[in-house]
Amino acid sequence: MADLSTHFAGLKLKNPLVVGASPFSRNLELSRLLEDQGAAGIVMYSLFEEEVTNEQLATDHFLNVGTESQPEAQTYLVEPPVMEDKAERYMDQIRALKSALSIPVIASLNGFSKSGWVSLASRMEAAGADAVELNLYSVVTDPDVSSEQVVQGYLEMMRQVRSHTKLPLAIKISSHFKDLPRVLKLASETGVDGFVLFNRFLQPDIDIEKMTVNLKARLSTSDDLAQSIVWTAIVSPEIDKDIVVCSGVHTAQDVVKAVMAGGCAVTMVSELIKHGPRAVGKVLSDLNAWMDMHNYPDINSMRGAMARGRGEHSIAYERRNYMQALQSYNENLL
Ligand SMILES: Cc1cc2nc3c(=O)[nH]c(=O)nc-3n(C[C@H](O)[C@H](O)[C@H](O)COP(=O)(O)O)c2cc1C
């Protein structure tokens, strides 16, 4: 049996399979089942700042980057008024999961104000979380907000959270940045410990009969994995932080691709919703069998084998092979 041990944002993991942020962690019984099946860690459902504070009262939205240049802006770390119930219930759930499980429990935070990110992350640390995943999810609809403003806002938030908590911090980020390698490099310099590639934006659909917007989260398939894999392969050689591959991981082969691209671990949600906790056990036993058959003694010996800069396949991730890919159907069509 191969040694599957690895790490996630500096946390030691017994294998690379982590349950991604989802409702599973709301239920202790299900969480125990996932642990019994071999899950190496569990990311909790997100605590959304707007669930616990009044958005209107938060004058320090993290996209208000201009405030950093003014000395009085330092006062923005005032506690926003918190509706205690929801925040405290989340902290209680951290404590409950910690006492029910022996695997790492990673809290997940989705904030919108600097003070919210900082104060809620600190409370997650105090409640006993092993790490915090900061879920960067803002849909910028204002045409006067530039991408640089958004990036600077995120970086300032990471610096603030980093300076107020010692916990490992993982940044769950979307692929929608025009200069992703630079954003990840700058984010690494804030002292965060790892990246989760990628967050999927909600893709609302329009019901043309009912004239409504359907907000149901779409479950992924392995076809959704490509984007995370390509970018992990591109950025992993440049970034000295743990990368976790997220979105579209369903099989042991998907895990192998993620690790070969340079990922340390993966998160899985859709597969578990479709097939239940037993999917964890199946993927892990298939992974063991695949690694044995291909003579990989441990995760480290596979990691990065297909990353950019490692061998001839390297250029496949770059523009040069775009033309070749487009021509791949020519033989059948012409
Ligand atoms: C029902 C459901 C609930 C989710 N809840 C959260 C959440 O609270 N926080 C979060 O960051 N991501 C959440 N996600 C996104 C997942 O963590 C994950 O990023 C996404 O499903 C892609 O991974 P997958 O292909 O393994 O499903 C949720 C996804 C689903 C399907």
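Residues numbered from 1 in each chain as written. Predicted model: local features only at pLDDT ≥ 70, side-chain atom pairs only at ≥ 80, totals over all residues. Heavy atoms only, no water.

The next subject is the site of the ligand. Around the ligand, the surrounding shell holds 16 residues, and the nearest of these are Ala21, Ser46, Asn135, Ser220 and Ser270. At a separation of 2.6 Å, a nitrogen atom of the ligand approaches a polar side-chain atom of Ser46. In this structure, an oxygen atom belonging to the ligand sits 2.8 Å away from a main-chain N or O atom of Val269. Considering the ligand on its own, with 610 Å² of exposed area, one finds that the protein chains cover 84% of that surface. Assessed atom by atom at 2 Å from the grid points, the ligand resides in the largest pocket. Listing elements by their share of the shell around the ligand, those giving two or more residues are strand S4 (41–48) and helix H9 (270–275). (Near = heavy atom within 4 Å. Polar contact = N/O pair within 3.5 Å; in protein donor to acceptor, adjacent residues only side chain to side chain. Areas by Shrake-Rupley, 256 points an atom, 1.4 Å probe, with all protein chains shown as cover. 1 Å grid on protein atoms, 1.4 Å probe; cavity = no way out; pocket = protein on both sides within 12 Å on 5 of 7 lines; lining within 4 Å. Sits in = over half its atoms within 2 Å of the grid points. Helix = DSSP H or I, 4+ residues; strand = E, 2+ residues; numbered from the N terminus.)

This paragraph deals with the sheet that holds strand S3 (residues 17–19). With respect to topology, eight strands assemble into a closed barrel ordered S3-S4-S5-S6-S7-S8-S11-S12, the strand pairing being parallel. Between one strand and the next, the sheet's axes are offset by a mean angle of 30°, whatever the strand orientation. (Pairing = 2+ DSSP bridges. Axes fitted to C-alpha atoms, helices over the stretch in contact; angles between N-to-C directions.)

Another aspect to go through is the layout of surface pockets. One water molecule sets the probe size; rolling that probe over the atoms shows where empty space is left. If you add up the space inside the largest pocket, you get close to 820 Å³. Taken together, 32 residues line the largest pocket, and the ones lying closest to its centre are Ala21, Lys172, Asn199, Arg200 and Ala217. At the level of secondary structure, the elements contributing two or more residues to the lining of the largest pocket comprise S4, strand S12 (265–268) and H9. (Points joined across faces, edges and corners; volume = space filled by probe spheres on them.)

A separate point is the packing of helix H5 (residues 147–164) against helix H6 (residues 180–188). At a minimum axis separation of 10 Å, H5 and H6 run at an interaxial angle of 25°. Comparing the axis directions of H5 and H6 gives the class roughly parallel. By crossing handedness, the relation of H5 to H6 is classed as right-handed. Two secondary-structure elements touch here, H5 through Glu148, Val151, Gln152, Leu155 and Met158 and H6 through Arg182, Val183, Leu186 and Ala187. Its residues placed into classes, the contact of H5 with H6 shows six nonpolar, one polar and two charged. (Parallel < 35°, antiparallel > 145°, perpendicular 65-115°, else oblique. Left-handed = near helix turned anticlockwise from the far one by under 90°. Contact = heavy atoms within 4.5 Å. Nonpolar A, V, L, I, M, F, W, Y, C, P; charged D, E, K, R; others polar.)

Turning our attention to the packing of helix H4 (residues 114–127) against H5. Interaxial distance between H4 and H5 falls to 9 Å at its minimum, and their mutual angle equals 35°. H5 is crossed by H4, and the crossing has right-handed handedness. For the pair formed by H4 and H5, the contact residues are Lys114, Trp117, Val118, Ala121, Ser122 and Glu125 on the first element and Glu156, Met157, Gln160, Val161 and His164 on the second. Here the residues of the contact of H4 with H5 are counted per class, giving five nonpolar, three polar and three charged.

It is worth spelling out the side chain of Ser247 at this point. Counting through the fold element by element, Ser247 comes out in the loop between strand S11 (242–245) and helix H8 (252–260). For Ser247, a relative accessible area of 12% gives the class buried. A distance of 3.1 Å separates a polar side-chain atom of Ser247 from the backbone oxygen of Phe198. When sequence neighbours within four positions are dropped, the list of residues in contact with Ser247 reads Phe198, Arg200, Asp224, Leu225 and Ser228. (Buried < 20%, exposed > 50% of the residue type's maximum accessible area, 1.4 Å probe, protein only.)

Generally speaking, a soluble globular protein has its nonpolar side chains buried in company with each other. Core analysis: the largest hydrophobic core is formed by 81 residues, its most contacted members being Ile94, Met124 and Ile173. Judged by nonpolar contacts, the second largest core, of 14 residues, contains Phe8, Ala9, Ala131 and Ala170. (Core = buried A, V, L, I, M, F, W, Y, C linked by side-chain atoms within 4.5 Å.)

Attention now goes to helix H7 (residues 226–235). Within H7, the full set of buried residues consists of Ser228, Ile229, Thr232, Ala233, Ile234 and Val235. Among the structural elements, H6, strand S8 (194–197), S11 and H8 are those in contact with the buried residues of H7.

Moving on: the pairing of strand S5 (residues 105–110). For S5, the tally of buried residues reaches six of six residues, placing the bulk of the element in the interior. What you see with S5 is no split at all: Val105, Ala107 and Leu109 on one side and Ile106, Ser108 and Asn110 on the other are buried throughout. Across five bridges, the pairing between S4 and S5 is parallel. Paired with Val43 across the strands is Ile106, a residue of S5. Pairing of S5 with strand S6 (residues 131–135) involves four bridges; the strand directions are parallel. Within S6, the position partnered with Leu109 by the bridge is Leu134.

Quick look at the packing of aromatic side chains now. Throughout the structure, instances matching the rule amount to three aromatic pairs. Here Tyr45 and Tyr90 contribute two aromatic rings whose centre-to-centre distance is 5.0 Å and whose plane-to-plane angle is 75°, an arrangement assigned as edge-to-face. Here Tyr90 lies in helix H3 (residues 84–100) and Tyr45 lies in strand S4, a separation of 45 residues in the sequence. The pair Tyr45 / Tyr90 is uniform in exposure class, with both members buried. When the centroid spacing of 5.9 Å and the interplanar angle of 10° are considered together, the rings of Trp290 and Tyr296 count as stacked. Overall, Tyr296 belongs to the partly exposed group, its relative accessible area being 21%. Over the ring of Tyr45 we find Arg26, and its NZ or CZ is 3.9 Å from the ring centre. (Phe/Tyr/Trp six-rings, centres within 6.5 Å; stacked < 30°, edge-to-face > 60°. Lys NZ or Arg CZ within 6 Å of the ring centre and 35° of its normal.)

All quantities given are derived from atomic positions and should not be read as evidence of function.
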